[in-house]
Amino acid sequence: MNSFVDSSNIRNDEDALRRQADSDGYLFIRNFVDKDAILQARRDIISVLREVGWIDDGDDPNETITSHAPHVSGEPEFSPVYDMVQCLESFHTLAHDKALVSVIGHLLGDDVLLQPSNIARFIFPTNLEQTTPAHQDFVHIQGTPDVWTAWLPLGDCPHSMGGLSVLSGSHKHGILPVSRSLGAGGLRAHFEKIGGEWVSSPFENGDILFFHSHTVHKGLPNLSGNRIRLSVDYRYQRASDPVMDLVLTPHQGRLSWEEIYKEWKSTEFQYHWEKYELTPVEKVPFQPVEESGQSQ
Ligand SMILES: O=C(O)CCC(=O)C(=O)O
């Protein structure tokens, strides 16, 4: 697979970033996000996953070796652990990284809204059929097409751990039909007819990928054999655009914001979206098609 186009050398050039984002539907920038903030979130998540036994005990607080049976989002055992991670201040604070938000400002303008429903992912190495299928985020987050996702692994992510791949230029083809699938989101986009090239690169700590809500992308299998891949995805839009009501609630909807904020030390980023007058809209269900092309 070919590498991402590397936009590191245009990181401060607003027009060039916009041109690149418009051309390929994504931006990949190396060595960009505050590494200490990433490592703090990584350590906090690892500490939760150690507490529940999903990551093996060891001397290195940054290590994600697992000998535990795999778990995926949607299983009853997954939810309480995911909710513990949702309560971590460092995980939500990272979404406000100044460099990261400045790129979104270049793409969208000044009134940037971070959709508060931040997502953490822990991808086990042993259930590869649950690798995130090719999809467009718009199907899940709606509101406005002008949403940009920031995806970053928490720490290094060599090819052996998978990572994320993007179908370059696919954001120009509108919303594609979907079928039910295993893996995060549960829906697979029918991208086969639109052409384009799948691209990806290994990530080092601090590297980041941005992509448009219409850009087709997929997870790559975690082939490390024994390590959990940790990553986050954060989503940004204009505050003046409609926003789907569900993304204003904590991801997966079990906790309240009060519960999430209970142990936080700072109030700086709590209820950050309330300074805007938002236009919430309801989610419109997408009808999956059968693989034969028949509507269900
Ligand atoms: O990390 C993954 O496996 C999937 C992430 C993703 O698809 C997304 O951020 O939309």
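Residues numbered from 1 in each chain as written. Predicted model: local features only at pLDDT ≥ 70, side-chain atom pairs only at ≥ 80, totals over all residues. Heavy atoms only, no water.

Engineer: An account of the pattern of salt bridges is needed here, citing residue identities and associated values.
Structural biologist: If the charged atoms of two oppositely charged side chains come close together, the side chains can form a pair. Tallied over the full model, the rule gives 12 salt bridges. We note a salt bridge from arginine 254 to aspartate 83, for which the minimum N-O separation is 2.8 Å. Taken together, the residues arginine 254 in the loop between strand E11 (242-244) and helix H7 (257-261) and aspartate 83 in helix H3 (residues 78-86) connect sequence positions 171 residues apart. Here aspartate 241 ties to arginine 238 by a salt bridge, and the two come within 3.1 Å at their closest N and O atoms. Given the relative accessible area of 16%, aspartate 241 is considered buried. We classify arginine 238 as partly exposed; its relative accessible area is 22%. By sharing partners, the salt bridges in this structure join Arg121, Asp137, Asp233 and Arg235 into a single network. (Salt bridge = Lys/Arg side-chain N within 4 Å of Asp/Glu carboxyl O. Helix = DSSP H or I, 4+ residues; strand = E, 2+ residues; numbered from the N terminus. Buried < 20%, exposed > 50% of the residue type's maximum accessible area, 1.4 Å probe, protein only.)

Engineer: Explain the sheet that holds strand E2 (residues 112-123) to me, and be specific about the residues and the numbers.
Structural biologist: On the basis of which strands lie adjacent, the open sheet formed by 5 strands has the order E1-E8-E3-E10-E2 and antiparallel pairing. With partners counted over all chains shown, the strands left at the sheet margins are strand E1 (26-29) and E2, one partner each. Neighbouring strand axes in the sheet, compared pairwise and without regard to direction, differ in orientation by 15° on average. With 4 bridges connecting them, E1 and strand E8 (residues 208-212) associate as antiparallel partners. Bridge assignment links isoleucine 29 to a residue of E8, and that residue is isoleucine 208. In the packing of helix H1 (residues 14-24) onto the sheet, the strands contacted are E1 and strand E3 (148-153), and the crossing angle to E1 comes to about 125°. Sheet strands in contact with helix H2 (residues 35-51) are E2, E3 and strand E10 (229-238), and its direction is about 125° off that of E10. (Pairing = 2+ DSSP bridges. Axes fitted to C-alpha atoms, helices over the stretch in contact; angles between N-to-C directions. Contact = heavy atoms within 4.5 Å.)

Engineer: I'd love a proper account of empty space enclosed by the protein, names of residues and values included.
Structural biologist: Applying the stated criterion across every chain, the model contains 1 cavity of 30 Å³ or more. Roughly 50 Å³ of volume is contained in the largest cavity. Lining the largest cavity are His92, His96, Leu114, Pro116, Asn118, Trp257, Tyr261, Trp264, Phe269, His272 and Trp273. (1 Å grid on protein atoms, 1.4 Å probe; cavity = no way out; pocket = protein on both sides within 12 Å on 5 of 7 lines; lining within 4 Å. Points joined across faces, edges and corners; volume = space filled by probe spheres on them.)

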